[in-house]
Amino acid sequence: MELPTNNWHPLKSQKRTTGILSQLILMKHDASIPEANANSVAESKVAETIAPIQRVAALLVLSREPLSSRKIAQIAGLEDATQARTLVRELNERFDRQERAIRIEEVAGGFQMLTRPQFAKWLRRIVQTPESLSLTPPLLETLAVIAYRQPVLRADIEAIRGVGCSEMLRQLMDRDFVRIVGRSEDLGRPYLYGTTRRFLQIFGIRSLDRLPKARELRVSGPIFDTPVDETQTSNENVVS
């Protein structure tokens, strides 16, 4: 029996169907473009209504690292770094006036939102620090020598402390408090050691030139006399 003939062909049908689907997809895509653009415009308008000072506050709440004024201006869409510093100062004035538990401190070359020192004993109840993360007196002594003498040779550190410091240096480098900053021109070209940005951040120091002077230490006592909590969320170790 001869089958009836027609123009139907599976491949042709598939090609036509694919073509129709492609056109529908393209039409749908084209139709969604104005909607996507409209959403973007709406989001931009909403962002514009958020005050710059609120943008800066939100940014510092989220950031876990100090941010430079230039970085704050760039991310928050401010005019320049000067405006960023002005807004940080205004935020601190509000926090002080409202007796907030937080404040923005300038540490490690940037700004970071921290809890105030007086809340440290309560914060320790929820932030448990492993013993291995605390700095022992020998580590603190070695770190203090490096901080004030950098760039410094290991031999000079050992001469000041009167004991070997290879293990102390290794531990401080593992904690990212100390790094190799170069080589000496002495025989053998030994390494020179210096502190890191993390050192400034943990101790709440703005920059190395803000380390306390000798006369200040004679009055206030050593700044590295107690173990330091590396995970401390308070700026209780800030040097004023």
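Engineer: Looking at this structure, I do not really get the packing of helix 3 (residues 69-76) against helix 4 (residues 81-97). What am I missing?
Structural biologist: Helices that pack against each other are described as a pair by the angle of their axes relative to one another and the distance between those axes. Closest axis-to-axis distance for the helix 3/helix 4 pair is 8 Å, and the angle between their directions is 95°. Regarding the angle of helix 3 to helix 4, the classification is roughly perpendicular. Each of Ser69, Arg70, Ile72 and Ala73 in helix 3 lies in contact with helix 4, whose residues at this interface are Ala81, Ala84 and Arg85. Split into classes, the residues belonging to the contact of helix 3 with helix 4 amount to four nonpolar, one polar and two charged.

Engineer: Help me out: how do you make sense of helix 6 (residues 137-149) in this one?
Structural biologist: Because an α-helix packs 3.6 residues into every turn, residues spaced three or four apart end up facing the same way. With 13 residues, helix 6 ought to run about 18 Å at 1.5 Å a step, and its terminal C-alpha atoms sit 18 Å apart, in line with that. Turning to helix 6, its buried residues number three or more, namely Leu139, Leu140, Thr142, Leu143, Ala144, Val145, Ile146 and Ala147. Where the residues of helix 6 are buried, they touch strand 3 (152-153), helix 7 (154-161), helix 8 (166-174), strand 4 (178-183), strand 5 (191-195) and helix 9 (197-203).

Engineer: Can you help me understand the packing of aromatic side chains in this one?
Structural biologist: The relative placement of two aromatic rings is captured by the distance of their centres and the angle of their planes. Scanning all chains against the criterion turns up two aromatic pairs. When the centroid spacing of 5.1 Å and the interplanar angle of 45° are considered together, the rings of Phe199 and Phe203 count as tilted. Here Phe199 and its partner Phe203 are both found in helix 9, four residues apart, which amounts to about one turn of the helix. The pair Phe199 / Phe203 is uniform in exposure class, with both members buried. Members of the aromatic cluster, connected to one another through ring pairs, are Phe177, Phe199 and Phe203. Of note, Lys121 hangs over the ring of Trp122, and the distance from its end group to the ring centre comes to 4.7 Å.

Engineer: I'm lost on the pattern of salt bridges in this one. Help?
Structural biologist: The final tally for this structure, using the stated rule, is nine salt bridges. Across the salt bridge formed by Glu105 and Arg103, the nearest N and O atoms sit 3.8 Å from each other. Residue classification places Glu105 among the buried positions, given a relative accessible area of 18%. By relative accessible area, which is 23% here, Arg103 ends up partly exposed. Between Arg189 and Glu185 there is a salt bridge, and its shortest N-O distance comes to 3.8 Å. A single salt-bridge network, built from bridges that share partners, covers Asp96, Arg103, Glu105 and Arg116.

What counts and what doesn't
- Residues numbered from 1 in each chain as written.
- Predicted model: local features only at pLDDT ≥ 70, side-chain atom pairs only at ≥ 80, totals over all residues.
- Heavy atoms only, no water.
- Axes fitted to C-alpha atoms, helices over the stretch in contact; angles between N-to-C directions.
- Helix = DSSP H or I, 4+ residues; strand = E, 2+ residues; numbered from the N terminus.
- Parallel < 35°, antiparallel > 145°, perpendicular 65-115°, else oblique.
- Contact = heavy atoms within 4.5 Å.
- Nonpolar A, V, L, I, M, F, W, Y, C, P; charged D, E, K, R; others polar.
- Expected span 1.5 Å × (residues − 1).
- Buried < 20%, exposed > 50% of the residue type's maximum accessible area, 1.4 Å probe, protein only.
- Phe/Tyr/Trp six-rings, centres within 6.5 Å; stacked < 30°, edge-to-face > 60°.
- Lys NZ or Arg CZ within 6 Å of the ring centre and 35° of its normal.
- Salt bridge = Lys/Arg side-chain N within 4 Å of Asp/Glu carboxyl O.

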